[in-house]
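# Examination of the molecular architecture
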Amino acid sequence: MRIKNRPTWLDYLDIMHGKLCESEQLNLADFDNFIKANSFAHSFFQHSIPFVYLLNYRTGLYVNMSENFAGYESGCFLNEGINHTLQIHQRDHLRLFNQEIFPDRLEFLKSIPTSTHKDYVFSYNTAVKNRKGEDEHYLQRNSFLSDGVGNLIYSMGILINITHYNDKNTVFQTIDKIDPEGLSSCETIYKKAYFINEEDRFFSKREKEVLLWMAEGLSSKMIAEKMFVSEHTIISHRRNMQDKTNTPNATALISFALKKSII
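This text gives an overview of the structure that appears in the document.

Another point: the packing of helix H7 (residues 205–215) against helix H10 (residues 250–259). Remark: H7 packs on H10, axes separated minimally by 10 Å, with the N-to-C direction vectors making an angle of 110 degrees. By the criterion of interaxial angle, the relationship of H7 to H10 is roughly perpendicular. Contacts from Leu211, Met214 and Ala215 of H7 reach H10 at Ala250, Leu253, Ile254 and Ala257. Of the residues in the contact of H7 with H10, the class split is seven nonpolar, no polar and no charged.

Let us now look at the pairing of strand S2 (residues 61–65). Looking along a regular strand, one sees the side chains alternate between the two faces of the sheet. The pairing of strand S1 (residues 51–56) with S2 spans four bridges and is antiparallel. Each residue of the ladder has a partner; that of tyrosine 53, found in S2, is methionine 65. Linking S1 back to S2 in an antiparallel pair, the connection comprises four residues, with glycine 60 at a positive phi of about 75 degrees.

Take the sheet that holds strand S4 (residues 135–146) next. On the basis of which strands lie adjacent, the open sheet formed by seven strands has the order S2-S1-S5-S4-S3-S6-S7 and antiparallel pairing. The open sheet has two free edges, formed respectively by S2 and strand S7 (187–195), since each of these has just one partner strand. Sheet twist, expressed as the mean angle between neighbouring strand axes with direction ignored, is 25 degrees. As paired strands, strand S6 (residues 170–177) and S7 are joined by eight bridges and run antiparallel to one another. Note on S7: the bridge partner recorded for phenylalanine 172 is alanine 193. In the packing of helix H6 (residues 91–110) onto the sheet, contacts are made with strand S3 (120–129), S4, strand S5 (152–161), S6 and S7, and the angle to S3 comes to roughly 175 degrees.

Moving on, we come to unusual backbone geometry. Positive phi is not limited to glycine here, since alanine 70 has a value of about 55 degrees. As for its placement among the helices and strands, alanine 70 is situated in the loop between S2 and helix H4 (74–80). The phi angle at phenylalanine 228 is positive, at roughly 60 degrees, despite the residue not being glycine. Looking at the secondary structure, you find phenylalanine 228 in the loop between helix H8 (220–227) and helix H9 (231–245).

Thresholds, definitions, all that
- Residues numbered from 1 in each chain as written.
- Predicted model: local features only at pLDDT ≥ 70, side-chain atom pairs only at ≥ 80, totals over all residues.
- Heavy atoms only, no water.
- Axes fitted to C-alpha atoms, helices over the stretch in contact; angles between N-to-C directions.
- Helix = DSSP H or I, 4+ residues; strand = E, 2+ residues; numbered from the N terminus.
- Parallel < 35°, antiparallel > 145°, perpendicular 65-115°, else oblique.
- Contact = heavy atoms within 4.5 Å.
- Nonpolar A, V, L, I, M, F, W, Y, C, P; charged D, E, K, R; others polar.
- Pairing = 2+ DSSP bridges.

What follows is the structure, given as structure tokens:
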């Protein structure tokens, strides 16, 4: 909802259109030269570029790692390899990745030709303990390079800090199919939700109420009127239930609920 007298983004663009800075002119005709010469740009990109790594699965060592990941210098990873990652990986997230997420990845990779492994990007949100002992949450995206028989040899990926934007109890994994030629955008072909706390898998009392009305064939708008809430709230409940059950639509969600005797 827009608050009166506060300019929107489009309003601001209109205000600034053609406006000249009184103190100085910023001419950015050559972006590359601007980045190299401008201390502000250098500082911004230094703190905004995702952390990059290359992990050798055969040795458990990192071939390369960005500086200052979660407060640790790259040498910690390059010298200690995967052992350092295991030490700082948040315990519950490590358990989830080890027991559920990674096995799902292997199962998927076994279902496709080995030569196409590199054409898929795996993403999930995870947490590590930074140098201060605090949890930091990251979105990890990586691809695998495999040998001729499907063994994973290298994992190449990036990590993006999402601490302030993350639902800390739910982990999502997606798999995107990429175009090796870079001519088309990624296509998400897989999405699954995992839960740090087992109780988060179950529906709340409110969600069950929404589900009962859905089973009666009511639309989100009609359910909202019945429950005296906004349609957006009902849609949010439906999405949460689909995430918890990994179902693609309302029909599949209701079918799941009936099979599990939830309704």
